[in-house]
Amino acid sequence: MSPIDKNTPAHVLVQNYASHIKSKVILTTGVSPGSLGSHFVQSIAAADPKCLILAGRNRSKVQQTADDIKASHPNVETRLLEIDLASLDSVRQAAVQINSWDDIPAIDVVVNNAAIMATEYALSAERVESQFATNHLGPFLLTNLIMGKVLAARSPRVVMVASDGHRLSGIRFADYNFDNGKVYNRWIAYGQSKTANMLMAISLAEKLAARNLLAFSLHPGVIFTNLANHLLEDLDGNFEELAALDRAQGHPEGWKGLDPKPLETGVSTHVYAAFDPDLAEHNGKYLIDCHVADPWVDTVKPWATSPLEAERLWKLSEELVGEKFAY
């Protein structure tokens, strides 16, 4: 197996883990062309998975990714799933569809990749701040509603694509909606949602390790994809706003320039989190640059690694989706 580091491209990891990818069923959200999710599924298609479940809000864009996979790897089955993670009704409908697929009795890996970033204040259909709703509540509900199929796999895994942007905010338990927008900051809201991704991985690992589930969160790096399209018109101004917030909070990122990665290495930690066989001893951990994040070296905030905060978020999430998941 080739050694891996922050510069290892995804195709090398796919070669390393080919035997762990072959014949697996992998569900990935957020797979529109040009996205991390799209590049991830196209990369792992080379290792002959049994089925790639491609989930996204825009069916035509998801179809385009499926067509690209068909063109390069015609023997890999793809299954399309239309889902709007900002709508709990849409999530429930998607889960019903997945659970109705009798020919797919088990899902080996779920990669919760879809996200929005630094958007203007808006509320979901259930009147929850849109970044928290889309990036956390939607994946929380979807993952739990299909957990029966996940746990039916021999070595099930759930991957939460978080961000080092979690440094910007812990969970605002008393005011996740930012006083109805009166005190809204789009970067703090993004940070809250990314902290939620990390805490969800901790909760899943804590609650379901006894049933063989592994769960991880990760920071893919800074990669310019369609996630940031709305920021490109004034890229300098938008990221100066972020840098100013970092400086105000004393984060070293406030004095550093961006260090973007290409897509090929931007999805490497996705592949590592989803398939590395040696990660079992690190269940629930946060990963960066194809290693378990080191709080002494990497950006890892305590509010995103606290089991207490994880359990508080789980209970809040159950309340907000109106459903309890007791494991």
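Attention here is on the structure that accompanies the text. (Residues numbered from 1 in each chain as written. Predicted model: local features only at pLDDT ≥ 70, side-chain atom pairs only at ≥ 80, totals over all residues. Heavy atoms only, no water.)

Here we take up the pattern of salt bridges. One pass over the full model with this rule turns up 16 salt bridges. With its nearest N and O atoms 2.8 Å apart, the salt bridge here joins Glu 77 to Arg 79. Since its relative accessible area comes to 32%, Glu 77 is described here as partly exposed. On the accessibility criterion, Arg 79 (15% relative accessible area) is buried. Among the ionic pairs, Asp 103 bridges to Arg 79, the shortest N-O distance being 2.6 Å. Here the residue Asp 103 occupies a position in the loop between helix H5 (88-100) and strand E4 (109-112), and Arg 79 occupies one in strand E3 (residues 77-82), the gap between them amounting to 24 residues. Taken together, the salt bridges that share partners define one network made up of Asp 164, Arg 167, Asp 246 and Glu 253. (Salt bridge = Lys/Arg side-chain N within 4 Å of Asp/Glu carboxyl O. Buried < 20%, exposed > 50% of the residue type's maximum accessible area, 1.4 Å probe, protein only. Helix = DSSP H or I, 4+ residues; strand = E, 2+ residues; numbered from the N terminus.)

Okay, the side chain of Thr 265 next. With respect to the element layout, Thr 265 can be found in helix H10 (residues 263-266). Residue Thr 265 is classed as buried on the basis of its relative accessible area, which comes to 9%. In this structure, Thr 265 is in contact with Lys 6, Asn 7, Thr 8 and Pro 9, ignoring residues within four places of it in sequence. (Contact = heavy atoms within 4.5 Å.)

Let's shift gears to the sheet that holds strand E2 (residues 51-56). Strand order in the open sheet made by the 8 strands is E3-E2-E1-E4-E5-E6-E7-E8, with mixed pairing throughout. Both outer strands of the open sheet, E3 and strand E8 (291-292), are each paired with one neighbouring strand and no more. With 2 bridges connecting them, strand E7 (residues 286-288) and E8 associate as antiparallel partners. Bridged to Ile 288 within E8 is His 291. Packed on one face of the sheet, helix H3 (residues 36-44) meets strand E1 (25-29), E2 and E4 and runs near 165° to E1. Here helix H6 (residues 130-145) sits on the sheet and contacts E1, E4 and strand E5 (157-161); the angle it forms with E4, its principal contact strand, is near 170°. (Pairing = 2+ DSSP bridges. Axes fitted to C-alpha atoms, helices over the stretch in contact; angles between N-to-C directions.)

Worth remembering: the numbers are spatial, not functional.
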